[in-house]
Amino acid sequence: MKKLKNSRLTKILSLALALIFIIGAFSGCGGNGNKEEETTKAPQAAETPEDTAIRNPLTGEPDYDEALLKNRPVFVVVENTPEARPQWGLTSSDIVWEMVVEGGITRMLLMYADASRIPEKVGPIRSARHYFVDLAEGFDGLFVHFGYSPKAQSQIANHKVNNINGLVDNYFYRDSSRDVATEHTSYTTGEAIQKAIQNKEYRTEIKDDYKAPFKFNSKDKTLSAPCARVNVAFSSGYTYVYTYNAEKKVYEAKLHGKSFADSEGVQQNFKNIIICYTDVTSLNDNKGRVDFNLSEGRGVYISNGSYTDITWKKGESDDMLKFYNKVGDELSLNVGRTYIALMDKSAENSNKILSKVS
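The structure reproduced in this document is the subject of the present report. Just so you know, these numbers come straight off a predicted model, no measurement behind them.

What counts as what
Residues numbered from 1 in each chain as written. Predicted model: local features only at pLDDT ≥ 70, side-chain atom pairs only at ≥ 80, totals over all residues. Heavy atoms only, no water. Helix = DSSP H or I, 4+ residues; strand = E, 2+ residues; numbered from the N terminus. Buried < 20%, exposed > 50% of the residue type's maximum accessible area, 1.4 Å probe, protein only. Areas by Shrake-Rupley, 256 points an atom, 1.4 Å probe, with all protein chains shown as cover. Polar contact = N/O pair within 3.5 Å; in protein donor to acceptor, adjacent residues only side chain to side chain. Contact = heavy atoms within 4.5 Å. Phe/Tyr/Trp six-rings, centres within 6.5 Å; stacked < 30°, edge-to-face > 60°.

**What to know about the overall build of the protein chain**
At step 1: Helix and strand content of the protein chain: 5 helices and 23 strands.
At step 2: Split into buried and exposed, the 358 residues of the protein chain put 46% on the buried side.
At step 3: A total accessible area of about 19,200 Å² is found for the protein chain, and carbon and sulfur atoms account for 49% of it.

And the structure:
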């Protein structure tokens, strides 16, 4: 009898233990309804691949030589009278700056990210103006010219600007094949300028604050309003029409109805056009020379078949000229060559922007 009771007790204990095990197993598998939410991670967004391309600091274009990033840019003063056209090397620079010098006549500053990018022939080279020197100083640039105005001469001397001057330096040549006066025949070469920099023992390494002068978009951006064509009117004798080529995605230049092309017949074209408005005043000298207020002003940025209003600011001679969008952030450019026109405020009425070309 005692043995039977023990057997029943053993069965009851076994059943109880089995029941506890089953309850525990179900509790572990699904007892906590939030368990899956706590342990399941939300999917992460794909990371944007880092841009490791070596880019030209003036155009944003890839496949640039990394060794050149440490070097100073070079500015070359190029004439733009009818006698000087078609210019040698006109379409070779990374940036073109254009301004009036006197009597409505313009000159250009061809800006190269490095002296090695200057072609085998560029010119005609002409004399400097003090506001050209201001722009070169503002980018820690080396300055190439043939002569100077009194104010430019004084600024170069007083600011100890690293310059190469055709009046005194033997790094310039003459091309007399055209039936023009001697002043329209001077040119130089990339090889000659590199030799001049070496022989003059000029500093070649750019200062840190000037290494990244512009911001660039990772992809082309369309701006606020359409721009199929724009007039850039410096004067009656110097009025350009830039028309957007949607296939090539650049603005192509004409001057008084004719293609504005270099000596090889290549039409001047740009990804970006920037017009800066400011006060241009007379110096009241006997040559009709002018002065530019390079402190700050309004402007227009044109690219990718579109445009937007901007502002710009410079300040002192060694301050970089910077561009800003409508909310005050630094302007980001589309990748490619850039044309920058500095003009009197009065030209704004003449610089017509057309949304369509008929």
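**With respect to the side chain of Asn245**
At step 1: Mapped onto the secondary structure, Asn245 falls in strand 11 (residues 238-245).
At step 2: Residue classification places Asn245 among the buried residues on the basis of a relative accessible area of 18%.
At step 3: Only 3.3 Å separates the side chain of Asn245 from the side chain of Glu252, close enough to count as a polar contact.
At step 4: If we skip the residues at most four places from it in the chain, Asn245 touches Val250 and Glu252.

**Things to note about unusual backbone geometry**
Negative phi characterises most residues that are not glycine, and trans characterises most peptide bonds.
At step 1: In this model, Arg85 is joined to Pro86 through a cis peptide bond whose omega is -10 degrees.
At step 2: Tracing the backbone shows Pro86 in the loop between strand 1 (74-79) and strand 2 (95-102).
At step 3: A positive phi angle, near 60 degrees, is found at Lys249, a position not held by glycine.
At step 4: Summarising the element assignment, Lys249 is placed in the loop between strand 11 and strand 12 (250-255).
At step 5: A residue is classified by how much of its surface remains accessible, and Lys249, at 41% relative accessible area, is partly exposed.

**What about the packing of aromatic side chains?**
At step 1: In this structure the tally under the stated criterion is 17 aromatic pairs.
At step 2: Ring centres of Phe75 and Phe139 lie 6.2 Å apart, and the angle between their planes is 45 degrees; on these two criteria the pair is classed as tilted. Of the two residues, Phe75 sits in strand 1 while Phe139 sits in the loop between helix 3 (130-138) and strand 4 (142-145), which places them 64 residues apart along the sequence. Across this residue pair, the class does not change: Phe75 and Phe139 are buried.
At step 3: Measuring from ring centre to ring centre gives 5.3 Å for Tyr131 and Phe132, while their planes differ by 85 degrees; the resulting arrangement is edge-to-face.
At step 4: Clustering of aromatic rings is evident, with ring pairs tying together Phe234, Tyr240, Tyr242, Phe260, Phe270 and Tyr339.

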